[in-house]
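# Summary of the model geometry
As a plain string of letters, each chain reads:
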Amino acid sequence: MKKRVYIIMSIFMLISSFVFADEINLYSAASRKEPINVGFKAGNTYRIYTKPLHQTIITFGNEVVEYSETGDNINFNTIDDKHSIRLKVIDEHLDTDLVVKTNENIYYFKVSSTLSEYNPMINFLYPQKEFAKKRKIKKETEPINLLNLDNLNNSYTISKKTSWTPTQIFDDGVKTYLIMPLKLQEMPVFLVRTDDKQYALVTFRVKETEHGLKIFVIDRIFREGVLKLGKKTIIIKNKNYNF
């Protein structure tokens, strides 16, 4: 009962938003009986076509399907999979609506059954997610790309070599960068020696290149630092520290 009330409320909210939404008609792909990729836009209605004795598969990228339901659940049937649904109809010349809720979005469809045209597969794409992902990657790699090589200090000493010893250390006067081994499996903690000769824990960010190389980015420079993993320590000293 609660599920049906939630569905009704979802439909009401969708209908109220459709005043300014578009209806995307997938008849052209249905007439060719070809799979189609559709860019998702919240609030849009998608008119799709199905066929007796066939199924229409609708995929939702990495989103997880929580439920799907048609207005006519006697002549139409939906089967929920993890990232997709399968839609079936028992006869031609039938119409209904279809609501699908995932963990991220609500989708609204108008469904028609025909004897000839149908959409075998509809794949939703999310260009806005890809754009956001690319912007995030660009933002994460930007500090490395903008380094002025002429101003880098790489005069550091390392006390010992282990499987997790940095292969290279340098700073730009503001941030310190530790290039870690390619096959780094365990993540050490990082501490710096303070003026009172105590060691304080310092947080750092880990940036990973497309080849799997990990770079520790520390938002400061230091005279002496320590990488610690279990009972093992590596002492790092900055020979050009002048503060």
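What you are looking at is a predicted structure, and each value in this text was computed from that prediction instead of being measured.

### As for the pairing of strand E4 (residues 55-59)
Sheet analysis places E4 next to strand E7 (residues 84-89), joined by five bridges and oriented antiparallel. Bridging across to E7, Gln55 finds its partner in Lys88. Where E4 and strand E10 (residues 121-125) come together, three bridges link them in parallel fashion. Bridge pairing in E10 places Thr59 opposite Asn123.

### Observations regarding the pattern of salt bridges
By the definition in use, this model includes eight salt bridges. With a shortest N-O distance of 2.6 Å, Asp219 and Arg205 are connected by a salt bridge. Remark: Arg205 occurs in strand E16 (residues 205-208) and Asp219 occurs in the loop between strand E17 (214-218) and strand E18 (224-229); sequence separation between them is 14 residues. In this structure Asp219 comes out as partly exposed when scored by relative accessible area, which is 48%. Via salt bridges that share partners, Glu23, Arg47 and Lys110 belong to a single interconnected network.

### Re the sheet that holds E4
Working definition: the strands of a sheet are paired by backbone hydrogen bonds and lie parallel or antiparallel to each other. Read across the sheet, five strands follow the order E2-E10-E4-E7-E6 without closing on themselves; strand pairing throughout is mixed. Taken across any chain shown, the strands that pair with only one partner, and hence form the sheet edges, are strand E2 (36-39) and strand E6 (76-80). Ignoring strand direction, the axes of neighbouring strands in this sheet form an average angle of 20 degrees.

### So, the confidence of the model for the protein chain
On average, residues of the protein chain score 84 in pLDDT, and 82% of them reach the 70 mark or higher. In the predicted structure, residues 5-9 sits below a pLDDT of 50 and forms four contacts with residues beyond four places in sequence or in another chain. Confidence over residues 11-20 falls short of pLDDT 50; this stretch has eight contacts with residues more than four positions distant or in other chains.

### Describing the sheet that holds strand E5 (residues 65-70)
Taken in spatial order, the five strands of this open sheet run E1-E3-E9-E8-E5, and their pairing is mixed. Strand pairing shows two members of the sheet lacking a second neighbour, strand E1 (23-25) and E5, which therefore form its edges. Each adjacent strand pair in this sheet contributes to an overall mean axis angle of 25 degrees, direction not counted. Two strands pair when backbone bridges link them, and strand E8 (residues 95-102) and strand E9 (residues 106-113) are joined in this way by seven bridges, in the antiparallel orientation. By the bridge assignment, Val100 is partnered in E9 with Tyr107.

### Section: the side chain of Lys101
By secondary structure assignment, the location of Lys101 is in strand E8. On the basis of relative accessible area, Lys101 is assigned to the buried category, the value being 13%. Here Glu66 takes part through its side chain, which lies 2.8 Å from a polar atom of the side chain of Lys101.

### As for the packing of aromatic side chains
Applying the stated rule across the entire model yields 14 aromatic pairs. Where Phe40 meets Tyr107, the ring centres are 4.5 Å apart and the plane angle is 45 degrees; that geometry is what we call tilted. A residue pair is termed long-range when its members are at least 10 positions apart, and Phe40 in the loop between E2 and strand E3 (45-50) and Tyr107 in strand E9 qualify at 67 residues. Across the pair, Tyr107 and Phe40 agree in class, each one buried. Between Tyr46 and Phe109, the aromatic rings sit 6.0 Å apart at their centres with planes inclined by 45 degrees, giving tilted as the arrangement. Here Phe109 lies in strand E9 and Tyr46 lies in strand E3, a separation of 63 residues in the sequence. Taken together through their ring pairs, the aromatic side chains of Phe40, Tyr46, Phe60, Tyr107, Phe109, Phe124 and Tyr126 make up a single cluster.

What counts and how
Along each chain, residue indices are assigned from 1 in the same order as the chain's sequence is written. With pLDDT at 70 or above as the cut-off, local features in this predicted model cover only qualifying residues; side-chain atom pairs require 80 or more to be listed or tallied, and sums for whole chains, interfaces and linings still use all residues. Computation of side-chain values: all heavy atoms of the structure, hydrogens and water removed. One requirement defines pairing of two strands: DSSP has to find at least two bridges between them. Under the DSSP-based scheme used, a helix requires at least four consecutive residues in state H or I and a strand at least two consecutive residues in state E, with every element numbered from the N terminus. Here, a salt bridge means any side-chain nitrogen of Lys or Arg that lies within 4 Å of a carboxyl oxygen of Asp or Glu. Each residue is placed in one exposure class: buried if its accessible area under a 1.4 Å probe, protein chains only, is under 20% of its type's maximum, exposed if it is over 50%, and partly exposed if it falls in between. Here the axes come from fitting lines to C-alpha atoms, over the contacting stretch only for helices, and the angles between their N-to-C directions go from 0 to 180 degrees. Known as pLDDT, the predictor's per-residue confidence is scaled from 0 to 100. Working rule for contacts: check all heavy atoms of both residues, and any pair within 4.5 Å makes them a contact. Pairs of N or O atoms within 3.5 Å make up the polar contacts considered here, provided that, within protein, one atom can donate a hydrogen while the other can accept it, and that residues adjacent in sequence are counted only when both atoms are side-chain atoms. Only the six-membered ring of Trp is used, alongside the rings of Phe and Tyr, when aromatic pairs are assigned; centres must lie within 6.5 Å, and planes under 30 degrees apart are stacked while those over 60 apart are edge-to-face, with the rest tilted.

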